[in-house]
Amino acid sequence: YGRSGTGMQAREGVWVQLGAFASQEKAESTWQAMKLKHPSALRAMKAQLSTPPQGSHETPVYRLRVGPFLGQAAAEETCLRLKSDGSQCLVVNE
């Protein structure tokens, strides 16, 4: 899984965001739990964790995303599969 941060932007494309967390540890543990809960939907996926810029005085938010997808439809299909199993997600265009 990759990280973006310190002013770096995630690669452009369509992503499925699995959550936004106050700590990196929570984001990482959620990714492990999601892979176990949704093995068929997330098997070949790589996660990306965006980290807050260093020196920021705002409350940090760690965004856990998978992708990028080849298109909006593929991202929406994955998100619908996750939602049908009780998880929350949203499609994000960067």
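The rules behind these values
- Residues numbered from 1 in each chain as written.
- Predicted model: local features only at pLDDT ≥ 70, side-chain atom pairs only at ≥ 80, totals over all residues.
- Heavy atoms only, no water.
- pLDDT = per-residue confidence, 0-100.
- Helix = DSSP H or I, 4+ residues; strand = E, 2+ residues; numbered from the N terminus.
- Contact = heavy atoms within 4.5 Å.
- Buried < 20%, exposed > 50% of the residue type's maximum accessible area, 1.4 Å probe, protein only.
- Pairing = 2+ DSSP bridges.
- Expected span 1.5 Å × (residues − 1).
- Arc of directions from axis to C-beta.

Here the protein shows a mean pLDDT of 85. Residues at 70 or above account for 85%. The weakest mean pLDDT in the protein belongs to strand β1 (residues 2-4) at 52; the strongest belongs to strand β2 (residues 14-21) at 96. Every residue in residues 4-9 is under pLDDT 50, and counting partners more than four places away or in other chains gives 13 contacts.

Right, let's get into the pairing of strand β4 (residues 62-69). Judged by how many residues are buried, β4 sits mostly within the fold: six of eight residues are covered. With six bridges connecting them, β2 and β4 associate as antiparallel partners. Residue pairing across strands places phenylalanine 21 opposite tyrosine 62, the latter belonging to β4. Of the pairings in the sheet, the one linking strand β3 (residues 47-50) to β4 comprises four bridges and is antiparallel in character. Paired with leucine 49 across the strands is leucine 64, a residue of β4.

The terminal C-alpha atoms of helix α1 (residues 24-37) lie 20 Å apart, and with 14 residues this matches the ideal 20 Å at 1.5 Å per residue to within 8%. Ala27, Thr30, Trp31 and Met34 are the residues of α1 that are buried. Summarising the axial view, the buried residues of α1 lie within an arc of 105°, below the 170-degree limit, and thus occupy one face. α1 presents Glu25 and Leu36 as exposed residues on the side facing more than 90 degrees away from its buried surface.

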